[in-house]
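Okay, here's what each chain looks like letter by letter:
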Amino acid sequence: MTTVHDFAGVTVPHTRLWDYLPDFVADYWWIYLVLVVIALAVAAWIIWRRNHRREAIEAEHVPSLPPYELAVKQLNELKAEKLCENSREKEYYTRLTDILRVYLDTRFGINAMEMTSTQIMRSVRANDTTKPSAALMKQILESADFVKFAKVRPLPDDNVKSFNQAVQFVEDTKPEPEPESDTQDAGTGTQPQPQK
């Protein structure tokens, strides 16, 4: 005689997390882990690089000196390097115009670093403070363009004249001294003297 037993009760099987994953994931989980680690590392590097670049740009564009004083300091440094005397006229004119471009940007908000010479002249003529000295800027930019792009070799007198015009432009457009302060800033140094 055969004994008939009731059906066994329902039991909940013991499961683990990977039992719910597809086989191709469960079998190769370590590959996905490596890919996630790589993706996180790349994302962290991109974020760090972006922040580092932003800080570098901000540090570069925030001069420690006021625009006039920075221009004076840079003109003095350029004069001391004697680039023209060493046949480095192109570098000389590039540096000279860059000093003026930064000065226009930081002093008057004219984004001269991103402008052509024609655009700079249009902006200089439109500004009430720089308009009287526009002729000086025009002569400097024309001379620099001839040297940088037409590869013209300027005479020594032309180099001195361009430097003196740059000094004159900066001096003509310097900010008016504040009436409350009778003392001069210690960090200004000496004004650039015209070349002879």
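Look up: the structure comes first, before these words.
One structure accompanies this document, and this report is about it. Keep in mind that this is a model prediction, so the values were computed, not measured.

1. With respect to the overall build of the protein chain
Alright, step 1. Looking only at helices and strands, one finds seven helices and zero strands in the protein chain.
Alright, step 2. Element order for the protein chain, N to C, with α for helix and β for strand: α-α-α-α-α-α-α.
Alright, step 3. Within the span of the protein chain, comprising 196 residues, buried residues form 27% of the whole.
Alright, step 4. Here the contacts in the protein chain between residues at least 6 apart in sequence split such that 65% fall between residues at least 24 apart.
Alright, step 5. In the form shown here, the protein chain has an accessible surface area of approximately 14500 Å², with 58% of it arising from carbon and sulfur atoms.

2. Comments concerning the nonpolar core
Alright, step 1. The biggest cluster of nonpolar side chains holds 32 residues, and the ones touching the most others in it are Leu 75, Tyr 92, Leu 96, Leu 104, Met 137, Phe 169 and Val 170.
Alright, step 2. Take this core: its biggest share by element is eight residues, from helix 4 (residues 89-108).
Alright, step 3. Among residues more than four places away in sequence, those in contact with Met 137 are Leu 100, Leu 104, Ile 120, Met 121, Val 124 and Phe 169.

3. Details of the side chain of Ser 133
Alright, step 1. Relative to the helices and strands, Ser 133 resides in the loop between helix 5 (117-126) and helix 6 (134-149).
Alright, step 2. Residue Ser 133 is classed as buried on the basis of its relative accessible area of 5%.
Alright, step 3. Apart from residues no more than four positions distant in its own chain, Ser 133 is found in contact with Phe 169, Asp 172 and Thr 173.

4. Points about the side chain of Lys 148
Alright, step 1. Mapping Lys 148 onto the fold places it in helix 6.
Alright, step 2. For Lys 148, the residues in contact, after removing those within four places along its chain, are Lys 90, Thr 94 and Thr 97.

5. Focus: the packing of aromatic side chains
Any pair of aromatic rings gets described here by the distance separating the centres and the angle formed by the planes.
Alright, step 1. Enumeration according to the criterion identifies three aromatic pairs in this entry.
Alright, step 2. Centroid distance Tyr 92 to Tyr 93: 5.2 Å. Interplanar angle 90 degrees. Geometry classified as edge-to-face.
Alright, step 3. On the basis of relative accessible area, Tyr 92 is assigned to the buried category, the value being 3%.
Alright, step 4. By relative accessible area, which is 1% here, Tyr 93 ends up buried.
Alright, step 5. An angle of 90 degrees between the planes, with centres 5.9 Å apart, marks the rings of Tyr 103 and Phe 108 as edge-to-face. Assigned by exposure class, Tyr 103 and Phe 108 land together as buried.

6. Let's talk about the environment of Arg 101
Alright, step 1. For Arg 101, the position within the fold is in helix 4.
Alright, step 2. Given the relative accessible area of 12%, Arg 101 is considered buried.
Alright, step 3. Sequence-wise, Arg 101 and Met 113 are twelve residues apart; in three dimensions their C-alpha atoms are separated by 5.6 Å.

So, how was this worked out
- Residues numbered from 1 in each chain as written.
- Predicted model: local features only at pLDDT ≥ 70, side-chain atom pairs only at ≥ 80, totals over all residues.
- Heavy atoms only, no water.
- Helix = DSSP H or I, 4+ residues; strand = E, 2+ residues; numbered from the N terminus.
- Buried < 20%, exposed > 50% of the residue type's maximum accessible area, 1.4 Å probe, protein only.
- Contact = heavy atoms within 4.5 Å.
- Areas by Shrake-Rupley, 256 points an atom, 1.4 Å probe, with all protein chains shown as cover.
- Core = buried A, V, L, I, M, F, W, Y, C linked by side-chain atoms within 4.5 Å.
- Phe/Tyr/Trp six-rings, centres within 6.5 Å; stacked < 30°, edge-to-face > 60°.

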